[in-house]
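Architecture and fold: a report
Spelled out from the first residue to the last, the chains are:
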Amino acid sequence: MSEPKVKAKRVLFFDSGVGGLSVYKAVKALNPDVEAYYLFDNECFPYGNKGDHFLIKRIEALLEKASKVFELSAIVVACNTASTVALPELRLNIKLPIVGVVPAVKPAAKLSKNKIVGLLATPGCLSREYTNNLIKNFASDCKVIKVGDAHLAEIAEDRLSTGVVDRAGIEKIVKPFTSLPKAERPDTIVLGCTHYPFVKDVLEELMPDVRFVDSGEAIGRRVKTVVKEAKYIETDKIQNRAFYTGVLKNYEDREKMVKDFGFVSLEKFEL
């Protein structure tokens, strides 16, 4: 006699790399019963230096395919760059609840005492109208200092895979903040890429007087609300699974890493 099916809420987390695991962790902490699928677009990593048109088409194609191949309850676009460029198109074309991740400008502006806020993000994310509107709508009373760098996501990605962190590289990236006179430095910095929480300890060492803000917990709460209304799927067994695109050179390291995060497997995803 076959085992009875199990009901679950299955959520797909999507990012260009493994930075979205910071969002997955925050969501899982508040939604332990969710079955998580994690898809990262290794083939086109990093997204921070890609054009809007390319990204919209690429992300839409991947998530449309994923929504057909996997029976899903909801999708979390666990990438600031992807969210700021592609969310309207995705919501238009994919008939599933979709939660995006955008830079935590609003809470940072509220927390800042000296009303100087830093926004550390990819160049693509910083140049988007969506990000500029966040600043205009929620941080108009603050001076916002933008620092854009695509390499920091790669440093975080390497650290997750190898355990080694390029501290000197990070020090160079945050120089626009640390080289300012003390009175002109931000007291609050938005981590505007889901990779950055994985190097937060180094950032805190380099800038000990700064409060760092990311979107993780807010997304966890949002997913809790969305998932409550989302459909159940039926499965043989609840298992978290991870998927990648392209050729993964350091497969063994990545497989170990995703298993450490609670995924049972790492499989190739074909577009």
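To keep things clear, this report deals only with the structure shown in the data block. In this text the structure is predicted, and so the values were computed from the model without any measurement.

**Here we look at helix H1 (residues 21-30)**
Burial analysis of H1 places seven of its ten residues in the buried class, the great majority of the element. Listed in full, the buried residues belonging to H1 are Leu 21, Ser 22, Val 23, Tyr 24, Ala 26, Val 27 and Lys 28. For H1, the elements touching its buried residues are strand S2 (10-15), strand S3 (35-40), strand S4 (74-77), helix H11 (216-229) and helix H12 (251-260).

**Quick look at the state of the cysteines**
Each disulfide is one covalent bond, formed between the sulfur atoms of two cysteines. Tallied over the entire structure, the rule returns zero disulfides. Cys 193 provides the cysteine sulfur closest to Cys 79, a residue in no disulfide bond, and the two sulfurs are 6.4 Å apart. Cys 125 supplies the cysteine sulfur nearest to Cys 142, a cysteine that is in no disulfide, at a spacing of 18 Å.

**With respect to the packing of H1 against H11**
In a pair of packed helices, the angle between the axes and the distance between the axes together describe the arrangement. Between H1 and H11, the least distance of the axes is 8 Å, while the angle of their chain directions is 50 degrees. The pairing of H1 with H11 is recorded here as oblique in orientation. As H1 packs across H11, the resulting crossing turns out to be right-handed. For the pair H1 and H11, the contacting residues are Val 23, Ala 26, Val 27 and Leu 30 in the first and Gly 216, Glu 217, Ile 219, Gly 220, Arg 221, Val 223 and Lys 224 in the second. Residue classes in the contact of H1 with H11 are distributed as six nonpolar, two polar and three charged.

Rules behind the numbers
- Residues numbered from 1 in each chain as written.
- Predicted model: local features only at pLDDT ≥ 70, side-chain atom pairs only at ≥ 80, totals over all residues.
- Heavy atoms only, no water.
- Buried < 20%, exposed > 50% of the residue type's maximum accessible area, 1.4 Å probe, protein only.
- Helix = DSSP H or I, 4+ residues; strand = E, 2+ residues; numbered from the N terminus.
- Contact = heavy atoms within 4.5 Å.
- Disulfide = S-S within 2.5 Å.
- Axes fitted to C-alpha atoms, helices over the stretch in contact; angles between N-to-C directions.
- Parallel < 35°, antiparallel > 145°, perpendicular 65-115°, else oblique.
- Left-handed = near helix turned anticlockwise from the far one by under 90°.
- Nonpolar A, V, L, I, M, F, W, Y, C, P; charged D, E, K, R; others polar.

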